[in-house]
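Residue-level listing of the chains:
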Amino acid sequence: MEQIQAAVSGALQGSLFALMALGLSLTWGFLRVINLAHFGIILLGAYLTIELAGPTGLGPLGSLLVTVPVLFVAGAVVHLVFDRFEVSELNSLLISYGLLIVIIQVVQNVWSADFQRLPGDINPYATQSVRIGDLIFPLPTVMAALFALVLVVAMKYFLDKTYAGRALQAFGQDREIASAFGIDHRMLGLLLAGASGATAAIAGMLFTLRGTVTPDSALEWVGLVFAIVILGGIGNVAGTLWAGLLVGAVSGLVAIVWTPATSPLVVFTLVVLALIFRPQGLFRRKAAH
Amino acid sequence: MRPTRLISLLVALALIVAACGGDGGDATTTTAAGGTTTTAGEGGTTTTAGGPSGDPIVVGGSLSLTGAFGATGVIHRIAGELFVERLNDAGGLLGRPVVWDVRDDESVTDNVATLYEQLISQEGVDLIIGPYATPNIQAAMPIAERHGFVLPQHTAVLAPTLNYSCQFPAWSIGYTPNEFIPHQLADAMESLDGIETVAVVTNQSGSVSFVSYGRPDVDEPAALEIFPERGFEVVADIPYPPGNTEWDAIATQIRSADPDLVMLNGLGVDANGLMEAMLALDGYLPPMMFALFPAPGPLLALAAENDYGILSVTMFEPNDTVLEGLSAEAAEIAQEFAARAADAGVPYTTFETQAAASWNAWEILIQGVEGAGSLDHQAICDYLHENGADLTFVGHVEFDPEKNNFWETNQMLKQVQDGDWVVVWPEDKAAAPLRGPSN
Amino acid sequence: MRRDRGWILILSLLVVVLVLPFLRDAIGSQAFPGFYMVLAFQVLFWASQATSWNLLSGFGGYFSFGQGAFYGVGVYAMAVLTGRQDMTWWMATIIGGLLAMVLALIVGMVAFRLRSLRGEIFALLTLALPFILLAVARLSDAIDGGQGVIVPVPPVPSFLPTFQDFVFMAGGLIAVLALAVSYWMSRTRYGWALFAIHDDEDVAEAIGVPTFSHKMYAIALTGLLAGLSGAISAMQVGFVTPEGTFNLRVPVMVIVISVLGGRRHWAGPMVGALYVTLLQNRLQAGNLEGWSLIILGLVLAALVLLAPDGLMARFTRRPWTIALVSVLTPVLLVTTGLVPDLIWAIAIGLAVAAVIAFLPSRKEAGDPARSAKHHAAVDELDGEPVPVGDGVVMETVDVRKHFGGLKAVDGVSIQVKEGEILGLVGPNGSGKTTLVNLISGFFPPTSGTIEVGGVGTVGLSPHKIAHLGVARTYQIPRPFASLTVRDNVAVAIMFGREPKSLAAAREEAEQHLGFVGLSDRADALPGGVNLHERQLLEMARAMATKPKLLLLDEALAGLNPVEIDNAVQVVRRIHRSGVSIVLVEHLLRVVNQLATRIVVLDQGRVLASGPPAQVMTDPAVVNAYLGRSADAAG
């Protein structure tokens, strides 16, 4: 029972990291940029939520009305730079690393380096839970899972069922072929980068529901989020969610069967094994070639 | 082509700005020292009788202003600036103004040694003050020792490893903190009824894990040995990594073990993470919980919201009863600090243990210099060994080289009561009685 | 003499490393603070780490985040072995280097065996390494246990004045070693194999580069140097913690440094280390109140946008000006007293040098080789056509290749005799290119045997098959994009059956370029020549491996009639030099003209075989091939 409780709680917690990974995976898979600034945008999402939720009376969920459009633009602007200079995949990593440093420092200059959290009266979700039978789940992680599910389904629908989505998929595989679709792939790229910024806004908000944030938090997410992107398969939307759930469940299970200290060892060993045996990601049916 | 040109211009500009920023600093401080310095003593120019004059005395040091330790670094920075300003207002040091040259080590241990070497050998600072966080202090100590500089340091408490004879701790949990902390907590728990079982939850970081396990290469008692000796049953022993994300699993495990006391030897917001995860299990909270070195603000907020009397350690809290026993200056400093912290955008502005540690470090340094009457480091070191120091927030302390200068601890336990941190242990220093599970 | 400039630079650095401590002691700590030694150590430390990373990841293109793991193994070897086991520092350093090398070799054994673990997948694999080692170091009390390890100050050798001098010299020697290895590789087969792998690993293998072993050499050296340098740096830091060691700081820093400095040049990482270390130090010293990291981030992003190939690529365009400016500026600034602080003076000198490097160069304006309108053309043919002999050059027996349910090649048995030009035709998807890939060993057949000169090749790696005398070209030319036309050919010569040095190979390359009529394009990069010339380059590169059998995979696709005629002449010339040819071609006119025999493939099987005239009138062929792709004949 204890094990099941820990595994499912872990999986739900993992869905938050999947949400963080989603935007990174999308722009990496379809636009061929490795955007570390994404972590900075998530950080901005968290801080803007704290800034807005209380004073404006919007509450954390209501603050999405502001943060989603703002960070949509932020995501698109970052991509504008990559697009304008036709940055290679590797160089995008370095440039966005520079941007990440800048964002972290700006956040610190504005909000100080000290811990920030949403007070309990504005964020009643932090300590609430959902009970199913004997299992109890923290409400913030259930919300994260729901958001992740909705976003993944929506994104999957867009990519598989719409013309623009299929054009993007083609663009991710072969830029020259993609131009034959007759769609303005630049505009599409901006939209996708913006959408990934919007997911960052949601991930940032969800993070503040359960947790305390410092400017350095952005760097703490990197390892786990990359692990999820890799396991899910780069650019694989549904895979990202599955990978988040899997990593969370394994991590939670290891934490309770052995110790939480062992969890990172198991998770990253899993990453290595997955790359060796399923380099295209755990959750992709057909081979990458 | 055009954007390329534009950016190259910007880069050149950035480099020039970077260069000028430094040069400008040189010009304003007009010290012989290279690099730049923060003038913390503008008040010194509108001076009263006996104001400082002459070449400033430069105190160098690094703090983790950015990176993983940044949240606490900002406290030490504000406290230090306040101290220097008050010092200059009061006539400076040896009649000369004091300038604090503080640099950001970015929470990277490798940077610390470099910065201290640079401050001492290149910038030629007169004095140094230690960085914050145990690994950083460990890295700065050999540099200080090599140059024979007195090193007052804020927060490293693992006394046996800090064996440089001119290292002076500003925060002491005695020579054996691994024994003192569990015993003190056990004492407090014995005063309550019905506390029999304990779960020990430990962050693997070197700043705290010795309290649970002792040092890995030394055979010494720590919480996991001491609690059974004292008659408590340890029902769970859960180590977790820094940056842990598995609070749900830990909470589940604790709830199953059902301890009377949770001893969380953690850091920063670990206690918040664990409490939130436990609360999410249908509002579960153990009868008693202790958190070792938490960020005081977020934990106070969460505990107060849930009316939970969580315990922690402290060396100073601005409780009325505590302040009454100290000089009037103490309350004034605490107030002024809170105003500055609020200006800097810091959410929790109370002057407490971390800030007090900072203050202690500065007082030790300044009293050493004044006592020695010179900037000779050996003389300062000798003076402190012989005379100890009188600390505003602690009282008189003695530095025994046999105990690596770790003074008799004034560590107390504090508890969240009615929306505030209140000193509750030991009983003779308590501002209010310790509340047990039933209250 | 000019060529040995690198050795002269490395020797000068060695002299500096050996002399500076004593010079410092002589000058005295007033004029030469001990901190200069710390800063110099840091520059050299990052130069060692970045140079070590650059061997595998810059030269070879295998982007790695594993540097933090290799470095960390060195760090912890020093910390644990000297701090807890009382070993001497130099023993600990050597063991640290070897342990890191072993770890690197394990990574290589796993990753380099699989074709799927290239590019970003390899990068991600190595990204997990520091995280795994971090968890291990925290869990194991024997390594750390989480609390950090104090690294004791080693006894300083009696001939050195201070501990700092000692660490500087030890770290400096490692840096000299790293630079020497890097320079040496960049001038020998070991580096050129990596250059070729960087540009196109499959092609490298096909022209005879043993890619697996060269990747293993590279990763071993990367691990060794990173471990050695990490061990020395542990002494400098004095106290090590798992989270301070096994994180992404070192990998990210070496990537930043190498990219800014330039990944292709052996000295690029050194230059990058100089810039990044000084910039960081000046920003720290500048006390910019929350601005320093913003400036660092912006400078980093801007430099990568502006000079994606790195500073060194720009410096080499006017090396003397740059060298002069970066040395003279600080000297002038300090002697005139304008900027008395030496570090500021050096930083300004470097900044000026960087700005000069970005000024537009006159050379860029007009490239004479490019402006002249060029048509590749070969001289008249000499010699007689080679008669078809009896010896069998290559034979496949019942070869099959199935991809899942798709039978791309389904039981093909063909022979190529000495002096033959075998035309291989068939509609799209009939299995022609798959057959070429099977013969050249790019992938193994599902079943059947292939022999080259009587030697079975199934299971051999492509470079071994290349050494048996099989060369190929690609339908879409795949030159090594960062090598000049001449060096493309030279690489193939270096890795031929008889290994040759770079100098000898370059000389010999001229013959092959002349052979296909590309001599006047020798110094151009492949990106700067037209499609026809790239296809000729493919042939020259293939001929440089001294093949017995050349597989030409649609070598004439996309050419205009004049170019086709020229290419046909070249193929004839190759044939007359005694090479048998398998000609995969769509253009039936060409096949008819050149081939001595034609094999028609359809759906993976041989449909017909015989002299051109006979095959082309075969009703089955007309039906299967011409009927479906009549347009191809035009």
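Everything numeric in this text was worked out from a predicted model, so none of it was measured.

1. Observations regarding the overall build of chain B
Then, in step 1: The helix and strand inventory of chain B stands at 14 helices and 14 strands.
Then, in step 2: Burial statistics for chain B: of 439 residues in total, 63% are counted as buried.
Then, in step 3: Here the analysis covers contacts within chain B between residues at least 6 apart in sequence; of these, 68% occur between residues at least 24 apart.
Then, in step 4: When the accessible area of chain B is evaluated, it comes to approximately 14,500 Å², of which 49% is carbon and sulfur surface.

2. Focus on the overall build of chain A
Then, in step 1: A tally of regular secondary structure across chain A gives 12 helices and two strands.
Then, in step 2: Reading the helices (α) and strands (β) of chain A from amino to carboxyl end gives α-α-α-α-α-β-β-α-α-α-α-α-α-α.
Then, in step 3: A globule of 289 residues ought to have a C-alpha radius of gyration of about 19 Å, and chain A, at 19 Å, matches this closely.
Then, in step 4: With respect to the three principal axes, the spread of C-alpha positions in chain A is 55 × 45 × 30 Å.
Then, in step 5: With the model as given, the accessible surface of chain A reaches about 10,600 Å², and the carbon-plus-sulfur share is 67%.

3. Section: the side chain of B:Ser212
Residue and element names in this part refer to chain B.
Then, in step 1: Here serine 212 shows up in helix 6 (residues 209-213).
Then, in step 2: Side-chain polar atoms of serine 212 contact the side chain of asparagine 265, separated by 2.7 Å.
Then, in step 3: Ignoring any residue separated from it by four or fewer positions in sequence, one finds serine 212 in contact with Val200, Thr202, Ala222, Ala223, Leu224 and Asn265.

4. Some details on the interface of chain B and chain C
Then, in step 1: Chain B puts 52 residues into the contact, and the matching count from chain C is 47 residues.
Then, in step 2: Here chain B packs against chain C, burying approximately 4,100 Å² in sum over the two surfaces, 59% of which is carbon and sulfur.
Then, in step 3: Considering only the surface of chain B that becomes buried against chain C, B:Asp110, B:Gln122 and B:Pro216 emerge as the three largest contributors, covering 14% of it.
Then, in step 4: Between C:Arg249 and B:Asp110 there is a salt bridge, with its nearest N and O atoms 2.6 Å apart.
Then, in step 5: There are seven residue pairs in polar contact (both at pLDDT 80 or more) connecting chain B and chain C.
Then, in step 6: When contributions to the side of chain B that touches chain C are tallied by element, the ones reaching two or more residues are helix 1 (2-29), strand 2 (98-104), helix 3 (109-122), helix 4 (134-147) and helix 6 of chain B.
Then, in step 7: Top element by residues in the side of chain B that touches chain C is helix 1 of chain B. It accounts for 13 residues.
Then, in step 8: Split by residue class, the side of chain B that touches chain C holds 17 nonpolar, 23 polar and 12 charged.

5. Examining unusual backbone geometry
Residues and elements named next belong to chain B.
Then, in step 1: Cis peptide bonds are those with omega within 30 degrees of zero, and the linkage from tryptophan 425 to proline 426 qualifies with -5 degrees.
Then, in step 2: With respect to the element layout, proline 426 can be found in the segment after strand 14 (420-425).
Then, in step 3: The phi angle at glutamate 106 is positive, at roughly 55 degrees, despite the residue not being glycine.
Then, in step 4: Tracing the backbone shows glutamate 106 in the loop between strand 2 and helix 3.
Then, in step 5: A positive phi angle is found at aspartate 282, which is not glycine, with a value near 60 degrees.

6. Examining the sheet that holds strand 7 (residues 233-240) of chain B
Residue and element names in this part refer to chain B.
Then, in step 1: Spatially, the seven strands line up as an open sheet ordered 7-6-8-9-10-13-14, and their pairing is mixed. Looking along the sheet, the strands with just one partner apiece sit at the ends: strand 7 and strand 14. Neighbouring strand axes in the sheet, compared pairwise and without regard to direction, differ in orientation by 30 degrees on average.
Then, in step 2: For strand 6 (residues 197-203) and strand 8 (residues 261-268), the ladder comprises five bridges, and the chain directions are parallel. Following the sheet pairing, alanine 199 is matched in strand 8 by valine 262.

7. A word on the interface of chain A and chain B
Then, in step 1: The partner chain B presents 44 residues to the 42 residues of chain A that form the contact.
Then, in step 2: Summing the contributions of chain A and of chain B, the shared interface buries around 3,300 Å²; its carbon and sulfur component is 59%.
Then, in step 3: Broken down residue by residue, the surface that chain A buries against chain B is led by A:Phe115, A:Arg117 and A:Thr127, which jointly contribute 19%.
Then, in step 4: Joining chain A to chain B, the criterion identifies three salt bridges.
Then, in step 5: One salt bridge in this structure joins A:Arg131 and B:Asp282, with 2.6 Å as the shortest N-O distance.
Then, in step 6: Our count for the chain A to chain B interface comes out at 11 residue pairs in polar contact (both at pLDDT 80 or more).
Then, in step 7: Among the secondary structure elements, those contributing two or more residues to the side of chain A that touches chain B are helix 1 (2-31), helix 5 (89-111), strand 1 (129-132), strand 2 (135-138), helix 11 (237-257) and helix 12 (263-277) of chain A.
Then, in step 8: The element best represented in the side of chain A that touches chain B is helix 1 of chain A, accounting for six residues.
Then, in step 9: Residue classes in the side of chain A that touches chain B are distributed as 16 nonpolar, 19 polar and seven charged.

8. What to know about the nonpolar core
Then, in step 1: With 277 residues, the main nonpolar core has A:Phe39, A:Trp221 and A:Phe226 as its most contacted residues.
Then, in step 2: No other element matches the 17 residues that helix 2 (residues 34-59) of chain C contributes to this core.
Then, in step 3: For A:Phe39, the contacting residues outside a window of four places in its chain are A:Leu24, A:Leu100, A:Ala218, A:Trp221, A:Val222, A:Val225 and A:Phe226.
Then, in step 4: Counting 110 residues, the second largest nonpolar core, distinct from the first, contains B:Ile137, B:Ala223, B:Leu391 and B:Met412.

9. Some thoughts on the confidence of the model for chain A
Then, in step 1: Mean pLDDT over chain A: 88, with 94% of residues reaching 70 or higher.
Then, in step 2: No element of chain A has a lower mean pLDDT than helix 8 (residues 175-179) of chain A, which averages 63, and none a higher one than helix 2 (residues 37-53) of chain A, which averages 94.

Quick notes on the rules
Residues numbered from 1 in each chain as written. Chains lettered and ligands numbered in written order. Predicted model: local features only at pLDDT ≥ 70, side-chain atom pairs only at ≥ 80, totals over all residues. Heavy atoms only, no water. Helix = DSSP H or I, 4+ residues; strand = E, 2+ residues; numbered from the N terminus. Buried < 20%, exposed > 50% of the residue type's maximum accessible area, 1.4 Å probe, protein only. Contact = heavy atoms within 4.5 Å. Areas by Shrake-Rupley, 256 points an atom, 1.4 Å probe, with all protein chains shown as cover. Rg over C-alpha atoms; globule rule 2.2 N^0.38 Å. Polar contact = N/O pair within 3.5 Å; in protein donor to acceptor, adjacent residues only side chain to side chain. Buried area = accessible area lost by both parts, 1.4 Å probe. Salt bridge = Lys/Arg side-chain N within 4 Å of Asp/Glu carboxyl O. Nonpolar A, V, L, I, M, F, W, Y, C, P; charged D, E, K, R; others polar. Pairing = 2+ DSSP bridges. Axes fitted to C-alpha atoms, helices over the stretch in contact; angles between N-to-C directions. Core = buried A, V, L, I, M, F, W, Y, C linked by side-chain atoms within 4.5 Å. pLDDT = per-residue confidence, 0-100.

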